[in-house]
Amino acid sequence: VEAMAAPRHPSTSGAGASASVGAGAAAAAVAAGAVLVRRRPRARALARRAASDFAHCGYNTAVGGRLRITSILDAPDGGRSLIGSKVTVCGWIRTVRAQKGLTFLKVNDGSTFQELQAVIEQEAEGREALATQGAGASVRIEGVVVESPAKGQEVEISCKAADHSVKIIGEVDPKVYPLAKKFHSAEFLRTIAHLRPRTNLIGAVSRVRNALAIGTHRFFQDRGFLYVHTPIITTADCEGAGEMFRISTADPLPPAAEAVAKGAEGGDEFFGQPAFLTVSGQLSVENFCCSLGDVYTFGPTFRAENSSTTRHLAEFWMIEPEMAFADLNDNMDCAEQYIRHCVSAVLEQCGPDLEFFNLRVDKEVLERLKLVAGEPFERISYTEAVERLQKAVEAGDVQFEYEVAWGKELQTEHERYLTEKLYKKPTIVYNYPKDCKAFYMRLNDDGKTVAAMDILCPGIGELVGGAQREERLDVLDKRMEAMSLSKEDYWWYRELRQYGSVPHAGFGVGFERLVMLCTGVQNIRDVIPFPRYPGHAQF
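Residues numbered from 1 in each chain as written. Predicted model: local features only at pLDDT ≥ 70, side-chain atom pairs only at ≥ 80, totals over all residues. Heavy atoms only, no water.

(A) Main features of the pairing of strand 3 (residues 116–121). Summarising burial for strand 3: 5 of the 6 residues are buried, a large majority. Where strand 2 (residues 102–108) and strand 3 come together, 6 bridges link them in antiparallel fashion. Each bridged residue has a counterpart across the sheet, and for F104 the counterpart in strand 3 is V119. Looking at chain direction, strand 3 and strand 5 (residues 155–159) are connected through 3 bridges and run parallel. Note that in strand 5 the partner of V119 across the bridge is S158. (Buried < 20%, exposed > 50% of the residue type's maximum accessible area, 1.4 Å probe, protein only. Helix = DSSP H or I, 4+ residues; strand = E, 2+ residues; numbered from the N terminus. Pairing = 2+ DSSP bridges.)

(B) Representation of the pattern of salt bridges in the model. Summed over all chains, the structure comprises 24 salt bridges. Measuring nitrogen to oxygen at the nearest pair gives 2.7 Å for the salt bridge that ties D477 to R494. In this pair, D477 is assigned in helix 12 (residues 473–482) and R494 in helix 13 (residues 491–498), connecting sequence segments 17 residues apart. Residue D477 is classed as buried on the basis of its relative accessible area of 12%. Exposure remark for R494: the relative accessible area of 17% places this residue in the buried category. Taken together, the shared-partner salt bridges in this structure form one network comprising K86, R140, E142 and D163. (Salt bridge = Lys/Arg side-chain N within 4 Å of Asp/Glu carboxyl O.)

(C) Looking closely at the nonpolar core. If you look at the biggest cluster of nonpolar residues, it comprises 60 residues, and the most contacted ones within it are Y338, I339, F357, F507 and L514. For this core, the element with the highest residue contribution is helix 5 (residues 200–222), accounting for 10 residues. (Core = buried A, V, L, I, M, F, W, Y, C linked by side-chain atoms within 4.5 Å.)

(D) Representation of the confidence of the model for the chain. Looking at the chain as a whole, the pLDDT averages 88, with 86% of positions reaching at least 70. With pLDDT under 50 throughout, residues 1–40 is counted as low confidence; its partners more than four residues away or in other chains account for 8 contacts. Across residues 42–51 the pLDDT falls below 50, and counting only partners more than four positions away or on other chains, this stretch makes 0 contacts in the model. (pLDDT = per-residue confidence, 0-100. Contact = heavy atoms within 4.5 Å.)

(E) Here's a closer look at the packing of aromatic side chains. Scanning the model with the defined rule gives 19 aromatic pairs in all. Ring centres of Y382 and W406 lie 5.8 Å apart, and the angle between their planes is 75 degrees; this geometry places the pair in the edge-to-face category. Highlighted residues: Y382 in helix 10 (residues 382–394) and W406 in the loop between helix 10 and helix 11 (412–422), separated in sequence by 24 residues. By relative accessible area, Y382 is classed as buried at 0%. Look at Y382 and Y432: their rings are 5.3 Å apart centre to centre, the planes differ by 40 degrees, and that puts the pair in the tilted class. With Y382 in helix 10 and Y432 in strand 14 (residues 427–433), this pair connects stretches of sequence that are 50 residues apart. A relative accessible area of 3% means that Y432 is categorised as buried. Three or more aromatic residues joined by ring pairs make a cluster, and in this case those are F219, F220, F225, Y227, Y296, Y338 and F507. One residue, K437, lies across the ring of Y432, its end atom 4.2 Å from the ring centre. The cationic tip of R525 hangs over the ring face of Y533; the distance from NZ or CZ to the ring centre is 3.7 Å. (Phe/Tyr/Trp six-rings, centres within 6.5 Å; stacked < 30°, edge-to-face > 60°. Lys NZ or Arg CZ within 6 Å of the ring centre and 35° of its normal.)

(F) Local environment of the sheet that holds strand 12 (residues 315–324). Read from one edge of the open sheet, 8 strands run 7-11-12-17-16-15-14-13, paired in mixed fashion. Each edge of the open sheet is held by one strand with a lone partner, namely strand 7 (226–227) and strand 13 (378–381). Alignment of strand 14 against strand 15 (residues 449–457), held across 6 bridges, turns out to be antiparallel. Residue pairing in the sheet places Y432 in a bridge with V450 of strand 15. Strand contacts of helix 5: strand 7, strand 11 (295–302), strand 12 and strand 17 (504–510), with the helix running at about 145 degrees to strand 11, the strand carrying the most contacts. (Axes fitted to C-alpha atoms, helices over the stretch in contact; angles between N-to-C directions.)

(G) Geometry of the sheet that holds strand 10 (residues 275–277). Taken in spatial order, the 3 strands make up an open sheet running 8-10-9, and their pairing is antiparallel. Strands at the two margins of the open sheet, each flanked by one partner only, are strand 8 (233–234) and strand 9 (246–247).

(H) Structural detail: the packing of helix 9 (residues 365–374) against helix 14 (residues 511–519). In contact at an axis separation of 8 Å, helix 9 and helix 14 are set at 115 degrees when each is read in the N-to-C sense. The segment helix 9 lies against helix 14, with V365, R368 and L369 engaging L517, C518 and T519. Residue composition of the contact of helix 9 with helix 14, grouped by class: 4 nonpolar, 1 polar and 1 charged. (Nonpolar A, V, L, I, M, F, W, Y, C, P; charged D, E, K, R; others polar.)

Structure follows, in structure tokens:
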């Protein structure tokens, strides 16, 4: 760079001079490049140091800075490299145990499943205040990291010098605190949803949920997908089932068929027509797919199903990618890779949480996750799946509550038998009967099936549903007519087929179902922060 910027000497001229200057510039450029190459490891080291510094202090000036407990206990050496270091941690007390001259605290700050033990001696400032406090109180502890003689942890914090301290930040009356150290049922915890994140179960679920959300964005971003925000308020029913929450400013609410369509002009409907909370972002994200290529949306969706099962919510989150110039095979490949990527991320990042789930919730969850991450999924047609199930019934190997017959939807018991007994692994079932699926799924050449697919997983059943979309306008119109859907309501969706239509495909993943898969939790109400279901919308 310096050679290229240097002025030419008057005495140099001709080809030799040009060659000399060019060689000097090239040498300088190579040297500059070499410097850049040499600096990359240093840049990465600086980035790691910056991340470490942030973990140490972060946005914590209200307490004078703190170290997250995960930085100690989840370190590769269990925190042994910090022995002898003076640190400050903050969190919520899980247990208090007092002995003569000593007080033992176990503290958790939510950054990890593990609890950090602190041993408070008489010399430490603020020890007296612990006498009236118990589980739930928030605390700031300043002390030295020492090797722990206790079983199950490498280090603990010792507060025994005059410059060590413990400070109660927020007090708790142990007599009325609803999360005393004892067993609490999941049903009870739902009644105190504002406090249940402090429990082992919901804390661990929340960290797994976070890892899955980050893993979702990382998977699609690394593959060039564009993140699109689709609307919550819609006038179109993606599923064609009519189970939608209607929204209106009218009082009383008129029937949808009689709604006055004047909107801002003073009619009953704010938007000029009946509007609803979305059941899916798919139709909207398809618009962007047909202009921008590979896209995805990730957000809340709503179903007005009056269902109180352990598998259904009125409000839940969906991941919905759409791929341009793609067919059913591309769709199955992407969906399988996405699920395996997310499960691998949880296995890598949430070790202590998974150990808890495997011990307390589902003793097979770790083995199941390793199976999902480690082996290719089975792929069978719907027709083959029905035949295998019917043979199992005829052989007396199984009895189902619901009949297995071609043309009928597979029930959860059928799906789980396929994945847990027949194939013993995640299974993709494809080419479903057209009458079982939505209007937008591409009709196959046989005229009986559509290019749809579901991913079924052990312990869960259906996890992913997707299809190649119908890009042929004439076929789409016939499907809509057969399902009594108005072309006028979907005019914009139909126009995508008129103006440069392309083959495209996509799928949807119920995020809470994915969390259930990774945690072993059997009730969907316990894998979302604030569950919404019939009769319950508190918090």
